[in-house]
Amino acid sequence: PSQSDSVVYGTSKSVTYNLIALGSGTFNVTWSMINLPDGVTGSFSATSSLGSGFWTTTLTLVSTDTSPDPGTYGFAVQVARNNTSNFIFKNLSYVVDKKPIDPTLIVLSKTYDGSTDASSTCAFPGRIGGDNIVCSVTDSRFVDPSATSSIIVNGSGINISGANADKYILNS
């Protein structure tokens, strides 16, 4: 089974996995989780028998707003038959995507010189808490060289760096 929806770094999200246990004969099953990532809790729905040794449940995992860093995390679901040590393991993956982030271009004031050259910096207002990310812009230009206020400025070469840059992805 696969994760029902994507989880984005720094957000609280609930995802589900639909699970089935197979076996022969009549038996009861007990489900448990092994090695969930930090910042994630899980619970199982009521187990239902599909007859002929098939049992089903839904595993719901919930990440807190301190969800794990982006990446793929392996964990296991264990199924015990008739409360014995007769276990079945299923390895699953929990995937956390990078957080999309939009830069904000901050244009510095300029003395009119008839060119479209602009000086600017940028920032990431959507960053999570104490994450260390830095925004840089290599080129910025006014769309019109006229001496007026409220002229659009386009920035290019916008980059993200810093100790936590690997947790984010720039929106286009």
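So, a few notes on the structure that sits alongside this text.

### Describing the packing of aromatic side chains
Here the structure, examined in full by the defined rule, presents 3 aromatic pairs. Between Tyr17 and Phe75, the aromatic rings sit 5.7 Å apart at their centres with planes inclined by 80 degrees, giving edge-to-face as the arrangement. Of this pair, Tyr17 sits in strand β2 (residues 13–22) while Phe75 sits in strand β7 (residues 71–81), placing them 58 residues apart in sequence. Residue Tyr17 shares its accessibility class with Phe75, and that shared class is buried.

### Looking at the state of the cysteines
According to the stated counting rule, one finds 1 disulfide in the structure shown. Two residues share a disulfide in this structure: Cys122 and Cys135, whose sulfurs sit 1.9 Å from each other. Residues Cys122 and Cys135 are joined through a disulfide that is left-handed, its torsion about the S-S bond being -105 degrees. In this pair, Cys122 is assigned in strand β11 (residues 120–123) and Cys135 in strand β12 (residues 134–136), connecting sequence segments 13 residues apart. Here Cys122 and Cys135 have matching classes, each one buried.

### Overview of the pattern of salt bridges
On inspection of all chains with the given rule, the structure shows 5 salt bridges. Salt-bridge contacts for Asp5 lead to Lys13; the nearest nitrogen and oxygen are separated by 2.8 Å. By relative accessible area, which is 38% here, Asp5 ends up partly exposed. Classification of Lys13 by relative accessible area gives partly exposed; the value is 27%. Notably, a salt bridge pairs Arg141 with Asp117, separated by 2.1 Å at the nearest N-O pair. With Arg141 in strand β13 (residues 139–142) and Asp117 in the loop between β10 (104–107) and β11, this residue pair connects regions lying 24 residues apart in the sequence. Residue classification places Asp117 among the partly exposed positions, given a relative accessible area of 39%. Via salt bridges that share partners, Asp117, Asp139 and Arg141 belong to a single interconnected network.

Definitions and limits used
Residues numbered from 1 in each chain as written. Predicted model: local features only at pLDDT ≥ 70, side-chain atom pairs only at ≥ 80, totals over all residues. Heavy atoms only, no water. Phe/Tyr/Trp six-rings, centres within 6.5 Å; stacked < 30°, edge-to-face > 60°. Helix = DSSP H or I, 4+ residues; strand = E, 2+ residues; numbered from the N terminus. Buried < 20%, exposed > 50% of the residue type's maximum accessible area, 1.4 Å probe, protein only. Disulfide = S-S within 2.5 Å. Salt bridge = Lys/Arg side-chain N within 4 Å of Asp/Glu carboxyl O.

Bear in mind that shape data such as this cannot, by itself, settle questions of function.
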